[in-house]
Amino acid sequence: MEFNLNQIAGLIHGKVEGDGNQTVSRIDKIQEGQPGGISFLSNEKYENFIYETKATAVIVSEDFVPAKPISCNLIRVKNAYTGFTQLLEAYSQMTKKSSFGVEQPSFFGEYSIQGEGGFRGAFSYIGKNCTLGKNVQIHPHTYIGNNVKIGDNTIIHPGVKICSDSVIGNNCEIHPGAVIGSDGFGFAPQEDGTYKAIPQIGNVIIEDDVSIGANTTIDCATMGSTIIKRGVKIDNLVQIAHNVIIGENTVIASQTGISGSTEIGKNCVLAGQVGIVGHIKIADKTIIGAKTGISRSIDVSGRTLFGLIGFDIKDFMKSYSIFKNLPQLQDRIKELEKKL
Amino acid sequence: MEFNLNQIAGLIHGKVEGDGNQTVSRIDKIQEGQPGGISFLSNEKYENFIYETKATAVIVSEDFVPAKPISCNLIRVKNAYTGFTQLLEAYSQMTKKSSFGVEQPSFFGEYSIQGEGGFRGAFSYIGKNCTLGKNVQIHPHTYIGNNVKIGDNTIIHPGVKICSDSVIGNNCEIHPGAVIGSDGFGFAPQEDGTYKAIPQIGNVIIEDDVSIGANTTIDCATMGSTIIKRGVKIDNLVQIAHNVIIGENTVIASQTGISGSTEIGKNCVLAGQVGIVGHIKIADKTIIGAKTGISRSIDVSGRTLFGLIGFDIKDFMKSYSIFKNLPQLQDRIKELEKKL
Amino acid sequence: MEFNLNQIAGLIHGKVEGDGNQTVSRIDKIQEGQPGGISFLSNEKYENFIYETKATAVIVSEDFVPAKPISCNLIRVKNAYTGFTQLLEAYSQMTKKSSFGVEQPSFFGEYSIQGEGGFRGAFSYIGKNCTLGKNVQIHPHTYIGNNVKIGDNTIIHPGVKICSDSVIGNNCEIHPGAVIGSDGFGFAPQEDGTYKAIPQIGNVIIEDDVSIGANTTIDCATMGSTIIKRGVKIDNLVQIAHNVIIGENTVIASQTGISGSTEIGKNCVLAGQVGIVGHIKIADKTIIGAKTGISRSIDVSGRTLFGLIGFDIKDFMKSYSIFKNLPQLQDRIKELEKKL
């Protein structure tokens, strides 16, 4: 899809400096800008690239003052990053149309109801006693068990499985293959070395404005609820165990796992491949670096942790830089021993 | 669902001390007990909470002697933890009814047979020459290839994929989205830098009483069988590579990966995000801590290992506590060097 | 399935030394060889086993000269490992027949076309405007969105989800449950602590001869394309984020995650559970050990890295061996301090 710069400036409330009739069909990173593409400059670290870029146009903030001559066209907006995301949103709305109606064959259990404006794709399965809100999109191959509630405007992508008794809020998006409400991993050891399954009779509650990534798994509670609070964003292949609670606006990157009954605070950021043991609490605004393991509660909010058994990231980095030079440190000790 | 305490005492063979007509509708942890909930006290570490809890009732063992006055009702049973799990099981059986019959549309390949009392959900796919035992539940969107055998009373949850030639035992439970029998990851490097797929012609054998978690993947053997032995419990998002053998009653937590041809002993416990290289053996009763990497065979049973390249957990913890203080250790060496 | 040794020798262009009428039905590792099985000897480390094996036959290279008497039959071929893989391939072609035609019910969107010789399984879903090449196998429960292109001879296993606008090459194989083209994980932080989704309007391009593992997830680009180049082999449960580029013939083992906009070179090997941050470049022929984290670009090709924050594996191993003995090192410092 091609747009000229005047059209784009209209979309994002900006002004063209240069030739508004030139067209672009692509967004490039500024350091890789090529003709036919539009880039943006938001971070001053990248300023040098604007003087060399071959991009047709660059979105800049209105207070940007070039230090050297610029050969590309500019679109000036109040905030360059905001303007860039507005451009993406506008483009997205133009190209990704919502689906409506019901494709066949599909399965719709008795006593279930769906609000106006929604979509159910072919091979979707809705169990009994479900309530789907307005404008809910149920894509093909979605499984929804019994007694499930889904709020308005929520999008369930293909092949998602939502087990019985789950409650999903408004404006949520659950990406392909995610599993919501599978049994928690609870087994009671028996005297003969075998294990007996502990029934998992709770559910999952997902509040409004939550995003769940592809092939992520969220187990139901043993009893009570596993709760994902308002505004939480979860990436692909994440594991959320039974009875976990994730606080509002917390972000969890791919392949992270959170063990049973742990409670994560609000506005935390968990990077990729983090692991957190069960039955602990993580304070609000905690940042946990990639691959970090957390084995104890974090009581003070706002800390940044890192390491196999995580501690403050600055301290970890100091220790790790010495770890990298341990052979030399050992040599110094040998030298001292020789002298004495 | 609400029960009074007399009903619960009946279910778990206990005696009420207090008002048996009071009702509960929820199980709470004892430290979070609230009116309308029932808790249990099994671990003496939590004893203090029973003197303060607002729970309507607490299940305790028959030999429990309160050290202070107690305001909640008690239900005394032989063993409080066993009583608690009995309560869960009873509740679970009351509320989670099995499904029966065949929903349509579903696909059932030629020469396949299914025993009495079973269920096949809408959009389930059974290939050719399959044998499903009695009371097997095949939930919606399940894919089962050709020549698959499934034992009695096994539950296959929605969206599970069981590839051709797999053998599944009795009383197994395979949770949503799990993949059983996908091709092993085997490629022969060619002289030009490309790779050629090595055909994976083996299968997966899952013995009785095995549980497999949501979105877990178990690859078929290159030739022969990948074997999950009786009583093994596997959590969500676990990777089991080709030709792996998992010994009886071993428990594997979420996001752990086991590489090709490795053999895990009986009654092992692998915590979350563990990684084990291929072609090694792990002795019986080995415990492997979260995020641990294992690169060599473990010959002695009963060890507990931890670390990026795992070794005995006590030794790891000693080394790690010094690692955290490496800057100070380095300072002490500097001080010594200065003095000499 | 049983073959006699003459038949096998015919298949792999070898010569039998011994009784060509004896039959085998199984391939065993040479160290575990049992009657009725055939093994191969390629690596001289395993030579001792050939003098003790109970295997019915062993495939050896034509220049193999036994150092001791051998009791099993031999099949001599030019290269024993190649002969072994030829045997697997021949067996695989005999037993794993391709499927043809269209099973019902299945869904095929308007303006979509499929080339000759292909298969579409029951409950498969093909959106609008899709182009499927010749001999494409679409197995049951596959979801394919709109505007998807798939090249000739590609196999899409059960339950794969390929989102709209994806482009898949020739001779690819995508294993069960994989998700291709799900939304990238991009959210703009707002002033009130919430996050706003950044539209992900790009796609995924998978070139020829690529293999994608079970339940692996590959996100679409924010804008532009996430690109998996020719000959790449990806294992199960791997995460590839938006705008990542994977170079030709790179191999990625299970549970590895690659963050957004990172570019991996050609002919790299990433072991299991590796994690790579976003926005970096990894040089060609880099080898990254299991569980390694990579936080900076790797500029020099051919390095082997290891560690939580990876550096050269030899240096890591030296430091780690001292780490394991840190308590003793600390004692030596104490001793020195005492003496001074």
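- Looking at an unreviewed UniProt entry, one finds chain A named UDP-3-O-acylglucosamine N-acyltransferase, with Shivajiella indica as its source organism.
- Listed under Pathway (unreviewed entry) in UniProt, the entry text for chain A is "Bacterial outer membrane biogenesis; LPS lipid A biosynthesis."
- Word for word, the UniProt comment on chain A under Sequence similarities (unreviewed entry) is "Belongs to the transferase hexapeptide repeat family. LpxD subfamily."

1. What to know about the relation of the copies chain C and chain A
- Mapping chain C onto chain A calls for a screw motion: a turn of 120 degrees about the axis and a shift of 0.0 Å along it, with 0.1 Å RMSD after fitting. Such values leave the two copies arranged in the relation of a three-fold axis.

2. Things to note about the sheet that holds strand E35 (residues 275-276) of chain B
Residue and element names in this part refer to chain B.
- Strand order in the open sheet made by the 10 strands is E9-E12-E15-E18-E21-E26-E29-E32-E35-E38, with parallel pairing throughout. The open sheet terminates on both sides in strands that have one partner only, identified here as strand E9 (107-108) and strand E38 (293-294).
- Bridge count for strand E21 (residues 179-182) against strand E26 (residues 217-219) is three bridges, and the pairing is parallel. Among the inter-strand pairings, Ile180 is bridged to a residue of E26, identified as Ile218.

3. Quick notes on unusual backbone geometry
- The step from Gln104 of chain A to Pro105 of chain A runs through a cis peptide bond, and the omega angle for that step is 0 degrees.
- Turning to its location among the elements, Pro105 of chain A is positioned in the loop between strand E8 (101-102) and strand E9 (107-108).
- With a phi close to 55 degrees, Asn135 of chain B is a non-glycine residue in the positive phi region.
- On the accessibility criterion, Asn135 of chain B (35% relative accessible area) is partly exposed.

4. Description of the UniProt feature "active site" (unreviewed entry) in chain A
All names here are of chain A.
- With numbering aligned to this structure, UniProt lists the feature "active site" (unreviewed entry) at His242.
- Topologically, His242 is positioned in the loop between strand E29 (239-240) and strand E30 (245-246).
- Look at His242 and you get buried, because its relative accessible area is 15%.
- The residues touching His242, leaving out its near neighbours within four places in the chain, are Gly184, Phe185, Gly186, Gln200, Asp219, Cys220, Ala221, Thr222, Thr226, Gly260 and Ser261.
- Within the local environment of His242, its side chain forms a polar contact with the side chain of Gln200, the two groups lying 3.0 Å apart.

5. Observations regarding the interface of chain C and chain A
- Each partner contributes residues to the interface: chain C has 63 residues there, and chain A has 60 residues.
- With both sides pooled, the region where chain C packs onto chain A buries about 4900 Å², and carbon together with sulfur makes up 69% of that total.
- Looking only at chain C, the three residues that lose the most surface to chain A are Phe185, Met223 and Leu308 of chain C, adding up to 14% of its buried area.
- The interface formed by chain C and chain A holds two salt bridges in total.
- Across the pair Lys196 of chain C and Glu89 of chain A runs a salt bridge whose closest N-O atoms are separated by 3.7 Å.
- At the boundary of chain C and chain A, one finds 20 residue pairs in polar contact (both at pLDDT 80 or more).
- Elements that contribute at least two residues to the side of chain C that touches chain A include exactly strand E21 (179-182), strand E22 (187-189), strand E23 (195-197), strand E26 (217-219), helix H4 (313-323) and helix H5 (326-339) of chain C.

6. A few points about the state of the cysteines
- All told, the structure shown has zero disulfides over all chains when counted by the stated rule.
- You can see Cys220 of chain A has no disulfide; the closest cysteine sulfur is in Cys163 of chain A, sitting 7.6 Å from it.
- Free of any disulfide, Cys130 of chain B has its nearest cysteine sulfur in Cys163 of chain B, 11 Å distant.

7. Points about the pairing of strand E6 (residues 57-61) of chain C
All names here are of chain C.
- Most of E6 is tucked away: five of the five residues are buried.
- Going residue by residue along E6, you find Ala57, Ile59 and Ser61 tucked away on one face and Val58 and Val60 tucked away on the opposite face as well.
- Of the strand pairs in this sheet, strand E5 (residues 37-40) and E6 are connected by three bridges, and their pairing is parallel. For Ser39, the partnering residue across the bridge sits in E6 and is Val58.
- Relative to strand E7 (residues 73-77), E6 runs parallel, the two sharing five bridges. Bridged to Ala57 within E7 is Asn73.

8. Quick word on empty space enclosed by the protein
- In the structure shown here, the tally under the stated rule is seven cavities of 30 Å³ or more.
- Taken as a whole, the largest cavity spans an internal volume of roughly 240 Å³.
- If you go around the largest cavity, you meet 15 residues; those closest to its centre are Gln273 and Lys291 of chain A, Gln273 of chain B together with Gln273 and Lys291 of chain C.
- Across the lining of the largest cavity, the residue classes break down as six nonpolar, six polar and three charged.
- Considered as a void within the structure, the second largest cavity measures approximately 180 Å³ in volume.
- Tyr320 of chain A, Leu308 and Tyr320 of chain B together with Leu308 and Tyr320 of chain C are the residues nearest the centre of the second largest cavity, which is lined by 13 residues in total.
- Listed by contribution, the elements that provide at least two residues to the lining of the second largest cavity are helix H4 (313-323) of chain A, helix H4 (313-324) of chain B together with H4 of chain C.
- Here the residues of the lining of the second largest cavity are counted per class, giving 12 nonpolar, one polar and no charged.

9. As for H4 of chain C
- Among all positions in H4 of chain C, only Phe316, Ser319, Tyr320, Ile322 and Phe323 of chain C are buried. The arc that holds every buried residue of H4 of chain C, seen down its axis, measures 160 degrees, which confines them to one face.

10. Let's talk about the packing of aromatic side chains
- Applying the stated rule across the entire model yields 48 aromatic pairs over all chains.
- Each ring, one from Phe311 of chain A and one from Tyr320 of chain B, has its centre 6.2 Å from the other, and the planes form 80 degrees; the classification is edge-to-face. In this pair, Phe311 of chain A is assigned in strand E40 (residues 311-312) and Tyr320 of chain B in helix H4, connecting two distinct chains. As far as the burial class goes, Phe311 of chain A and Tyr320 of chain B line up, both buried.
- Here Phe323 of chain A and Phe323 of chain B contribute two aromatic rings whose centre-to-centre distance is 6.2 Å and whose plane-to-plane angle is 80 degrees, an arrangement assigned as edge-to-face. Highlighted residues: Phe323 of chain A in helix H4 and Phe323 of chain B in helix H4, drawn from two different chains. For the pair Phe323 of chain A and Phe323 of chain B, one class covers both residues: buried.

11. Some words on the sheet that holds strand E6 (residues 57-61) of chain A
Residues and elements named next belong to chain A.
- Pairing is mixed in the open sheet, where five strands are placed in the order E2-E7-E6-E5-E4. In the strand order of this sheet, the two ends are held by strand E2 (15-17) and strand E4 (26-27), each with one partner.
- With three bridges connecting them, E2 and strand E7 (residues 73-77) associate as antiparallel partners. Paired with Glu17 across the strands is Leu74, a residue of E7.

What counts, and at which threshold
Residues numbered from 1 in each chain as written. Chains lettered and ligands numbered in written order. Predicted model: local features only at pLDDT ≥ 70, side-chain atom pairs only at ≥ 80, totals over all residues. Heavy atoms only, no water. UniProt positions renumbered as here; feature names shortened; annotations may be inferred. Least-squares fit on C-alpha atoms with pLDDT ≥ 70 in both. Pairing = 2+ DSSP bridges. Helix = DSSP H or I, 4+ residues; strand = E, 2+ residues; numbered from the N terminus. Buried < 20%, exposed > 50% of the residue type's maximum accessible area, 1.4 Å probe, protein only. Contact = heavy atoms within 4.5 Å. Polar contact = N/O pair within 3.5 Å; in protein donor to acceptor, adjacent residues only side chain to side chain. Buried area = accessible area lost by both parts, 1.4 Å probe. Salt bridge = Lys/Arg side-chain N within 4 Å of Asp/Glu carboxyl O. Disulfide = S-S within 2.5 Å. 1 Å grid on protein atoms, 1.4 Å probe; cavity = no way out; pocket = protein on both sides within 12 Å on 5 of 7 lines; lining within 4 Å. Points joined across faces, edges and corners; volume = space filled by probe spheres on them. Nonpolar A, V, L, I, M, F, W, Y, C, P; charged D, E, K, R; others polar. Arc of directions from axis to C-beta. Phe/Tyr/Trp six-rings, centres within 6.5 Å; stacked < 30°, edge-to-face > 60°.

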